[in-house]
Amino acid sequence: MSIITIFLASEPNGFVNALRSFSYRELDQSVLYSTGYHFPVLMLIVVLLVLAALCNALLLVYTAISLGQLASLHKIRAAIGIGIGLAFLEQIIVTVIIMHIPERWFSVRVTDAHQSFEQIREAITKTTQAGLWLSIGIFSIFAVIYYVICAFIVKKHVNLE
């Protein structure tokens, strides 16, 4: 909030003029040019990404708590340690997955001096699209894994103390 206030205080006329000249069509064209999606479609994809990430984080916490309850002593400490360990393991797995994706899907190669700006922009657009869908897929896969672990522990090892 303070950054917005500083921005408005430093350029009040520029910001107001930018708001006056705002056009949804320009925004849509800009988003389409940079991502390959129209603005409403991109917002839907971002909402899906946020929901997948939230489900993943919530189920990671539930799984850590469920696994921590299996410990005989220090259940809270065990749950915290397991949560940190699961998050660390998840990051390692995601890093390995991203490192082994074929270059033609997820990287931009600018080695040919004869490539036009449009070809480079198109490669970046494809990379952005692949990254969005890959992120949604990875978050969803981990969420399903965490759900299965949590559901199994709750069914088989419930200890109502």
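The following refers to the structure shown. What you see is a predicted model; the values in this text were computed from it and never measured. (Residues numbered from 1 in each chain as written. Predicted model: local features only at pLDDT ≥ 70, side-chain atom pairs only at ≥ 80, totals over all residues. Heavy atoms only, no water.)

Description of the overall build of the protein chain
A count of helical and extended segments in the protein chain gives seven helices and zero strands. The linear arrangement of helices and strands in the protein chain, starting from the amino end, is α-α-α-α-α-α-α. Here the protein chain holds 161 residues, and 21% of them are scored as buried. The contacts of the protein chain with a sequence gap of at least 6 include a subset with a gap of at least 24, amounting to 61%. Of the roughly 11800 Å² of accessible surface on the protein chain, a fraction of 71% belongs to carbon and sulfur atoms. (Helix = DSSP H or I, 4+ residues; strand = E, 2+ residues; numbered from the N terminus. Buried < 20%, exposed > 50% of the residue type's maximum accessible area, 1.4 Å probe, protein only. Contact = heavy atoms within 4.5 Å. Areas by Shrake-Rupley, 256 points an atom, 1.4 Å probe, with all protein chains shown as cover.)

Considerations on the nonpolar core
Grouped together as the largest cluster of nonpolar side chains are eight residues: L59, L60, L86, V94, I138, F142, A143 and Y146. Only helix 4 (39-68), helix 5 (75-99) and helix 7 (117-156) provide two or more residues apiece to this core. Per element, the largest residue contribution to this core is four residues, and it comes from helix 7. Every residue in contact with F142, bar those within four places of it in the chain, is listed here: N56, E90, I93 and V94. With seven residues, the next largest nonpolar core counts V31, Y37, L42 and L132 among its residues. (Core = buried A, V, L, I, M, F, W, Y, C linked by side-chain atoms within 4.5 Å.)

Section: helix 5
In a regular helix each residue adds 1.5 Å, so 25 residues correspond to 36 Å; helix 5 covers 36 Å between its end C-alpha atoms and thus fits that length. Of all the positions in helix 5, only K75, A79, G83, L86, E90 and V94 are classed as buried. On its buried face, helix 5 sits against helix 4 and helix 7. (Expected span 1.5 Å × (residues − 1).)

Here we look at the side chain of N56
Following the sequence through the fold, N56 ends up in helix 4. For N56, a relative accessible area of 4% puts it in the buried group. Setting aside anything within four residues of it in sequence, one finds N56 in contact with E90, F139, F142, A143 and Y146.

Quick notes on a nonpolar patch on the surface
On the surface, M43, V46, V47, V50, L51 and L54 cluster together into a nonpolar patch covering about 480 Å² of accessible area. Inspection of the secondary structure assignment puts M43 in helix 4. Overall, M43 belongs to the partly exposed group, its relative accessible area being 34%. (Patch = residues over 30% accessible without salt bridge, like charges linked within 9 Å, V, L, I, M, F, W, Y side chains within 5 Å. Salt bridge = Lys/Arg side-chain N within 4 Å of Asp/Glu carboxyl O.)

Remarks on the environment of G68
Following the sequence through the fold, G68 ends up in helix 4. As for G68 and A78, which are separated by ten residues in sequence, their C-alpha atoms are 4.8 Å apart. Excluding residues within four positions of it along the chain, G68 makes contact with K75, A78, A79 and I82.

Some thoughts on the packing of helix 3 (residues 24-35) against helix 7
It is at 7 Å that the axes of helix 3 and helix 7 come closest, and there the two elements cross at 90°. With respect to each other, helix 3 and helix 7 are oriented roughly perpendicular. Side by side, helix 3 and helix 7 meet where Y33, S34 and T35 of the first sit next to F117, E118, R121, T125, T128 and Q129 of the second. Grouping the amino acids of the contact of helix 3 with helix 7 by side-chain chemistry returns two nonpolar, five polar and two charged. (Axes fitted to C-alpha atoms, helices over the stretch in contact; angles between N-to-C directions. Parallel < 35°, antiparallel > 145°, perpendicular 65-115°, else oblique. Nonpolar A, V, L, I, M, F, W, Y, C, P; charged D, E, K, R; others polar.)

Re the packing of helix 5 against helix 7
Running from N to C, helix 5 and helix 7 cross one another at 140°; their axes reach a closest spacing of 12 Å. Put simply, helix 5 runs oblique to helix 7. In the packing of helix 5 onto helix 7, the handedness of the crossing is right-handed. Residues L86, E90, I93, V94, I97 and I98 of helix 5 lie in contact with helix 7, whose contacting residues are L134, I138, F139, F142 and Y146. Across the contact of helix 5 with helix 7, the residue classes tally to ten nonpolar, no polar and one charged. (Left-handed = near helix turned anticlockwise from the far one by under 90°.)

That's the geometry; what it means functionally is another story.
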